[in-house]
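Here are the chains, one letter per residue:
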Amino acid sequence: MNLGVVILNWNGENLIKKFLPSVIKHTPVIHNIYLIDNGSTDDSVEFIRSNFNRVKIIKLDKNHGFAKGYNIGLKKIEDDILCLLNNDVEVTENWTEKILKQFVAEPNTVVIQPKMRDYYNKSNFDYAGAAGGFLDKYGYPYCNGRVYNKVEIDNNQYDKTREIFWACGACFFVRNVVFKKYGGFDEIFWAHFEEIDLCWRLQNQGYKISYNPYSIVYHANAASLNQNHPRKTYLNYRNMLFTITKNSKNNLFFLLIEKLFIDIITALYILFDKGIMHFTAIIKAYLSFYKHINLLIKFRKNNKREIKHYKIRSIICEYLFYKR
């Protein structure tokens, strides 16, 4: 079973210098390593060409974003398994072997996420992926090891292979043939939530998403786009709406009414916590959502929608009122 480790990069020279050496060191030479460059204007590509002959470079004409950048670049890659890896991830010894064995043993598992810890505080889980992701009814993501903004210390409490709802795009192992059969990432997302959308679509087709604790990586979360940037707030809220509209089995009208109420509450909290720019970003997210709603409903009608996507109704309420 061939593995292709695929790093998407845009102006990430400093991140490449810091994190790529671990990928070179700990990825067996039988596997391929690729860099899809999203039209960088720094010296990323030149640095790799001068220092890492092993890395195969696929150069794109401009920054197409996360979703489209991967979709374009992966057309040229034929390995059986793809590992879509952020340029801000440090990998560890034997990080690929257990996951590849799981793919062999479980033919119906099409996406696997390793255990993700915080690069800056290595005893803690990573905020973005932790030990695998889930959604509440309204599309708010949370993880084993991270609920809302509370991140757990890794005390081996999630050290069993288990089924999850979504795998983090920062280190996303996927069967190449399945990724391409179902259209890859939806390019309307640009960045953020496209991996959740894909995992949801694949589960609606009867496939499984899994977490493997025997592979460990360290993620420098938000190195590319800081959590406190309003652009991230905008993309998260907009793409959350895109995702549940496309994929949810629930009655869409009532779901969106309920979600609007929840989002108003969180927007007011964000207004006082992060300021007017983030509050405005949520309003812009809703405006963009309504602009695209006819297209999203068309996707919804054409998509297979088979599964109930949540176990918890509202992770926000669980966190605030029940101290989950």
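Note: the structure precedes this text.
Residues numbered from 1 in each chain as written. Predicted model: local features only at pLDDT ≥ 70, side-chain atom pairs only at ≥ 80, totals over all residues. Heavy atoms only, no water.

1. Some remarks on empty space enclosed by the protein
Consideration 1: Summed over the entire model, instances satisfying the criterion amount to 1 cavity of 30 Å³ or more.
Consideration 2: Reported here for the largest cavity is a volume of approximately 60 Å³.
Consideration 3: Taken together, I7, L15, I16, F19, L20, V23, L35, L85, N86, N87 and V89 form the lining of the largest cavity.
Consideration 4: Ranked by the residues each element gives to the lining of the largest cavity, the list is headed by helix α1 (residues 13–26), at 5 residues. (1 Å grid on protein atoms, 1.4 Å probe; cavity = no way out; pocket = protein on both sides within 12 Å on 5 of 7 lines; lining within 4 Å. Points joined across faces, edges and corners; volume = space filled by probe spheres on them. Helix = DSSP H or I, 4+ residues; strand = E, 2+ residues; numbered from the N terminus.)

2. A word on helix α2 (residues 44–51)
Consideration 1: Inspection of α2 places S44, V45, F47 and I48 among the buried residues, and these make up the whole buried set. The buried residues of α2 occupy an angular sector of 160° when projected down its axis, which confines them to one face. Of the exposed residues in α2, those oriented more than 90 degrees away from the buried face are R49 and S50. (Buried < 20%, exposed > 50% of the residue type's maximum accessible area, 1.4 Å probe, protein only. Arc of directions from axis to C-beta.)

3. Some details on the packing of helix α7 (residues 230–247) against helix α8 (residues 252–274)
Consideration 1: In the contact formed by α7 and α8, the axes pass within 12 Å of each other and the chain directions differ by 165°. What the angle tells us is that α7 and α8 run roughly antiparallel. The chirality of how α7 crosses α8 is right-handed. Two secondary-structure elements touch here, α7 through Y237, M240, L241, I244 and T245 and α8 through L252, L255, L256, K259, D263, T266 and I270.
Consideration 2: When its residues are assigned to classes, the contact of α7 with α8 shows 8 nonpolar, 2 polar and 2 charged. (Axes fitted to C-alpha atoms, helices over the stretch in contact; angles between N-to-C directions. Parallel < 35°, antiparallel > 145°, perpendicular 65-115°, else oblique. Left-handed = near helix turned anticlockwise from the far one by under 90°. Contact = heavy atoms within 4.5 Å. Nonpolar A, V, L, I, M, F, W, Y, C, P; charged D, E, K, R; others polar.)

4. Remarks on the state of the cysteines
Consideration 1: With the rule as written, the count across this model stands at 0 disulfides.
Consideration 2: Just so you know, C83 is unpaired, no disulfide at all, and the nearest cysteine sulfur is the one on C171, 4.0 Å from it.
Consideration 3: Residue C83 is classed as buried on the basis of its relative accessible area of 0%.
Consideration 4: The thiol sulfur of C168 is not disulfide-bonded, and the nearest other cysteine sulfur, from C143, lies at 7.4 Å.
Consideration 5: A relative accessible area of 4% places C168 in the buried class. (Disulfide = S-S within 2.5 Å.)

5. Looking at the pairing of strand β1 (residues 3–9)
Consideration 1: When you tally the buried positions in β1, you get 7 out of 7 residues, the bulk of the element.
Consideration 2: For β1 and strand β2 (residues 32–37), the ladder comprises 6 bridges, and the chain directions are parallel. Bridging from a neighbouring strand, I7 pairs with L35 of β2.
Consideration 3: Taken together, β1, α1 and β2 form a β-α-β motif whose crossover is right-handed. (Pairing = 2+ DSSP bridges. Right-handed = clockwise from strand over helix to strand, strands pointing away.)

6. A closer look at the pairing of strand β13 (residues 208–219)
For a regular strand, side chains alternate in direction, first toward one face of the sheet and then toward the other.
Consideration 1: In terms of burial, β13 is largely enclosed, as 10 of its 12 residues are buried.
Consideration 2: Relative to β13, strand β5 (residues 89–91) runs antiparallel, the two being bridged by 3 bridges. If you follow E90 over to β13, its bridge partner there is Y218.
Consideration 3: Inspection of the sheet shows strand β6 (residues 109–118) paired to β13 by 9 bridges, in the parallel sense.

7. Some words on the pattern of salt bridges
Consideration 1: Tallied over the full model, the rule gives 12 salt bridges.
Consideration 2: Among the ionic pairs, E258 bridges to R313, the shortest N-O distance being 3.2 Å. Of this pair, E258 sits in helix α8 while R313 is found in the loop between α9 (276–302) and α10 (315–321), placing the two residues 55 residues apart along the sequence.
Consideration 3: The partly exposed category is assigned to E258, whose relative accessible area is 25%.
Consideration 4: Overall, R313 belongs to the partly exposed group, its relative accessible area being 45%.
Consideration 5: Several salt bridges converge on common partners, so that one network encompasses K115, R117, D154 and D159. (Salt bridge = Lys/Arg side-chain N within 4 Å of Asp/Glu carboxyl O.)

8. So, the packing of aromatic side chains
Consideration 1: For the coordinates displayed, the defined rule picks out 19 aromatic pairs.
Consideration 2: Ring centres of F19 and Y119 lie 4.9 Å apart, and the angle between their planes is 70°; on these two criteria the pair is classed as edge-to-face. Remark: Y119 occurs in the loop between β6 and β7 (133–135) and F19 occurs in helix α1; sequence separation between them is 100 residues.
Consideration 3: In textbook terms, an aromatic cluster arises when at least three aromatic residues are bridged by ring pairs, as seen for F66, Y70, F172, F179 and F185. (Phe/Tyr/Trp six-rings, centres within 6.5 Å; stacked < 30°, edge-to-face > 60°.)

All quantities given are derived from atomic positions and should not be read as evidence of function.
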